[in-house]
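Residue-level structural notes
Listed below, chain by chain, are the residues.
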Amino acid sequence: MEGKERGVVPRKIKGFRDINASLNSIRWHIIESASKVYRSYGFEHLDTPILEYADALGKYMPDSDTVDRGVYSFKNPEIEPVYQANGRELRDQDNKVVMDNHFLSLRYDLTAPLSRVYAERMWTRHLKGAIHPGKAPLFRRYQFGPVFRFETKLDPGRFREFWQLDFDSVGSNNIASDAEVCMILSEALQAIGLDKTDFRIKVNNRKILKGLLLDIGVEKEEEEQAILRIVDKLDKIGRAGVEAELGKGRKDKSGAVIPGLGLDPSRTNRIIGFIETFAELNPSRTEVLEELSSKIGNNEISKAGLEELEQIDRVLKNVGMNGDVVYFTPSLVRGMAYYTGPIFEVESTQSYTDEKGIERRVGSICGGGRYDGLVENLLGLKAPASGASIGVDRLAELMMLTGKSKGDVVSPVLITVLDQELMPEYQKIAAQLRRSGVDTEIYYGPNPGFKKLKKQLSYADKKGCPVALMLGGNELEKGVITVRNLKLGSEIADTVTDKGEWRRLTQSEVNLKDLVTHVNSIL
RNA sequence: GCCGCCGUAGCUCAGUUGGUUAGAGCGCUGGAUUGUGGUUCCAGAGGUCAAGGGUUCGAAUCUCUUCGGUGGUACCA
């Protein structure tokens, strides 16, 4: 190939991926299967832009022109009015509208854009006072697509662009809708092809731990968050690790010093003691509820949390989800601060063996919960919400690694080009096949022609084409076409070593008018 | 962000007491097969040894810096 001496160095941005046909096949299988389940519960399909105003996305605002705190942000080249909290344009002393280049961000999840959509729809009505507190309208939607996070260190299996598949209800404070989240997750994962035993839906309620922490005098939100974050690491660092991080801090294997929160031992012990009660594997929901009611004492918030779990249990039992699949795990925390009630996490129980022979797990594949305050942040009006999200890429990876799906790609029939003069014939045949629903490709590669048939068949083989068609002068005279069954050829390749024999078994001349039925019989 | 390890052909890697033209397997290209995918056999192409500086008569090899990768840890709305 001739060209310039140098060009732009082609390179992919770190943390971003090209998705090949087989990964795409799994990805879309997941999306289609789960969406169908979501729809069956009344969720409608919503799409939102990938870019949003940074301030609508959450409390994290960039303070410079660069990527900031995990979010890709930049200034809009267009200047637009600056708005005040009351919805009016900001004006300067001369009564001129103040303009600015607003910060835009790539969405980091699908929940914040949903809040924006909902708040935007309610905005005018809310300003007029037309929505009564506690009467925010119900809106249920599902959404999938890429989200973006600026991670400084990329752990294996984590990317800066990845897909999520969410469903959420806004405007319902009915705990039954939280029970429904469990039902939907369970159904969706099974529709995707997982077995009941392949995953475990873990449920907890933020209120239970919140109440416990209040009891021991933790009132500041930052302190609560810090404690929850450490408790969340229980699986990873164990009881002793949690104890150390709550108290004096610890050193890890690599020698890095992790500072502790400096809680006094009596409070640390209360927290640890509480979590430890539930450390045994999978006690039944009923057992957990009994244990909880004896442990949480008189704190109103904890009691409310327990009551919600009991409700969830009743709803689930009512639809026949008794013991398996959904478990109550009081130590479950989840990172995100905006959860206010029940929280969910789906953990894969499957493991796989990596290339080094080490047994590994993918871990959490879905997450969600109730977030009654999120829309309020935007709208100033309380709109309760809950939902969950399937980590599409994580799940796809899991299915690939555990052999649940190979990412099957359907390849076309290939029409080889033996003679450029016959191109019109090839195109006619291709059109005919496509009309009958058969994917068909004509080989438009470099230098097709007599000598390169081997190349063309090799191309078809690598691409996984089930059938190759050959039409040259010989065939044209006889009104036939040579059909090569590549699929059969691959199947018998190990048993047939003689080339001539192999060819005879997989190849036949077919009358042109019978081609479509013949090809269909092979597929 | 912090600590450790690594960076040789498209891929996986070999190559040190510093020494003439840097190797293998797979892949790729061509041929045996003048119209035929796999297998087999033969031949060939492909490397400023991550980049830049230093030490040396001489550096893939020693040293420094930067970049990239990886393992652990921290953060993750």
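Applying the stated criterion across every chain yields a total of 27 salt bridges. For Asp168, the salt bridge is made with Arg141, and the minimal N-O distance between the two is 2.3 Å. Within this pair, whereas Asp168 is found in strand 6 (residues 161-170), its partner Arg141 is found in strand 5 (residues 139-148), the two being separated by 27 residues in sequence. Asp168 sits in the buried class, given a relative accessible area of 3%. With a relative accessible area of 0%, Arg141 lands in the buried category.

Take the nonpolar core next. By size, the foremost hydrophobic cluster in this structure holds 72 residues, and its most contacted members are Tyr38, Ile390 and Leu395. Sorting elements by how many residues they give to this core places helix 4 (residues 175-192) first, with 10 residues. If we skip the residues at most four places from it in the chain, Tyr38 touches Phe43, Tyr142, Leu165, Asp166, Phe167, Ile184, Ala188 and Ile390.

With that out of the way, let us pick up the side chain of Gln225. In this fold, Gln225 is placed in helix 6 (residues 221-231). On the basis of relative accessible area, Gln225 is assigned to the buried category, the value being 12%. With sequence-adjacent residues up to four places away left out, Gln225 is seen in contact with Gly335 and Ala337.

Here the focus is the sheet that holds strand 16 (residues 413-415). Spatially, 17-16-18-19-20 is the arrangement adopted by the 5 strands of the open sheet, whose pairing is mixed. What marks the edges here is a single partner per strand, and that holds for strand 17 (440-442) and strand 20 (507-511). With strand direction ignored, the average angle separating the axes of adjacent strands in the sheet is 25 degrees. Two strands pair when backbone bridges link them, and strand 18 (residues 467-470) and strand 19 (residues 480-485) are joined in this way by 4 bridges, in the antiparallel orientation.

Summed over all chains, the structure comprises 0 disulfides. The thiol sulfur of Cys366 is not disulfide-bonded, and the nearest other cysteine sulfur, from Cys182, lies at 11 Å. We classify Cys366 as buried; its relative accessible area is 3%.

For the rest of this paragraph, the subject is a positive patch on the surface. A contiguous patch of positive charge on the surface is contributed by Lys452, Lys454, Lys455, Lys462, Lys499 and Arg503. Put simply, the parts of the chain that give the positive patch at least two residues each are helix 14 (453-463) and helix 17 (499-506). With 3 residues, the top contributor of residues to the positive patch is helix 14. Topologically, Lys455 is positioned in helix 14.

The next subject is the layout of surface pockets. Quantified by volume, the second largest pocket comes out at close to 1,100 Å³. If you go around the second largest pocket, you meet 27 residues; those closest to its centre are Tyr53, Asp55, Ala56, Tyr83 and Leu378. Elements represented by at least two residues in the lining of the second largest pocket include exactly strand 2 (51-53), helix 2 (54-57), strand 3 (73-81), strand 4 (99-106), helix 3 (111-127) and helix 11 (374-379). Of the residues forming the lining of the second largest pocket, the biggest block, 5 residues, is contributed by strand 4. Here the residues of the lining of the second largest pocket are counted per class, giving 15 nonpolar, 5 polar and 7 charged.

With their axes 8 Å apart at the nearest point, helix 1 (residues 21-40) and helix 4 run at an angle of 140 degrees to one another. It follows from the interaxial angle that helix 1 and helix 4 lie oblique. As helix 1 packs across helix 4, the resulting crossing turns out to be right-handed. Across the interface between the two elements, His29, Ile30, Ser33, Ala34, Val37 and Tyr38 from helix 1 touch Ile184, Glu187, Ala188, Ala191 and Ile192 from helix 4.

Here we come to the confidence of the model for chain A. Reading fine detail from the predicted coordinates is not recommended where pLDDT is low. Summary statistics for chain A give a mean pLDDT of 87 and a share of 92% for residues scoring 70 or more. Looking at the elements of chain A, mean pLDDT is at its lowest for strand 9 (residues 257-259), recorded as 68, and at its highest for strand 1 (residues 44-45), recorded as 98. Of the regions scoring below 50 in pLDDT, residues 1-5 engages in 0 contacts with residues more than four places distant in sequence or in other chains. Overall fold confidence (pTM) sits at 0.90, and the ipTM for the predicted complex is 0.84.

What follows is about unusual backbone geometry. In the Ramachandran plot, Asn95 falls in the positive-phi region, its phi being about 65 degrees despite a non-glycine side chain. By the secondary structure assignment, Asn95 is in the loop between strand 3 and strand 4. The phi angle at Val325 is positive, at roughly 75 degrees, despite the residue not being glycine. Relative to the helices and strands, Val325 resides in the loop between helix 10 (300-318) and strand 10 (326-328). Classification of Val325 as buried rests on a relative accessible area of 3%.

Another point: the sheet that holds strand 15 (residues 385-391). Taken in spatial order, the 8 strands make up an open sheet running 1-5-6-15-14-11-7-10, and their pairing is mixed. In this open sheet, the two strands that pair with only one neighbour each are strand 1 and strand 10. Lying over the sheet, helix 5 (residues 206-215) contacts strand 7 (199-205) and strand 11 (342-348), oriented at roughly 45 degrees with respect to strand 7.

Quick notes on the rules
- Residues numbered from 1 in each chain as written.
- Chains lettered and ligands numbered in written order.
- Predicted model: local features only at pLDDT ≥ 70, side-chain atom pairs only at ≥ 80, totals over all residues.
- Heavy atoms only, no water.
- Salt bridge = Lys/Arg side-chain N within 4 Å of Asp/Glu carboxyl O.
- Helix = DSSP H or I, 4+ residues; strand = E, 2+ residues; numbered from the N terminus.
- Buried < 20%, exposed > 50% of the residue type's maximum accessible area, 1.4 Å probe, protein only.
- Core = buried A, V, L, I, M, F, W, Y, C linked by side-chain atoms within 4.5 Å.
- Contact = heavy atoms within 4.5 Å.
- Pairing = 2+ DSSP bridges.
- Axes fitted to C-alpha atoms, helices over the stretch in contact; angles between N-to-C directions.
- Disulfide = S-S within 2.5 Å.
- Patch = residues over 30% accessible without salt bridge, like charges linked within 9 Å, V, L, I, M, F, W, Y side chains within 5 Å.
- Areas by Shrake-Rupley, 256 points an atom, 1.4 Å probe, with all protein chains shown as cover.
- Lys, Arg positive; Asp, Glu negative; His and termini not counted.
- Charge placed at Lys NZ, Arg CZ, Asp CG, Glu CD.
- 1 Å grid on protein atoms, 1.4 Å probe; cavity = no way out; pocket = protein on both sides within 12 Å on 5 of 7 lines; lining within 4 Å.
- Points joined across faces, edges and corners; volume = space filled by probe spheres on them.
- Nonpolar A, V, L, I, M, F, W, Y, C, P; charged D, E, K, R; others polar.
- Parallel < 35°, antiparallel > 145°, perpendicular 65-115°, else oblique.
- Left-handed = near helix turned anticlockwise from the far one by under 90°.
- pLDDT = per-residue confidence, 0-100.

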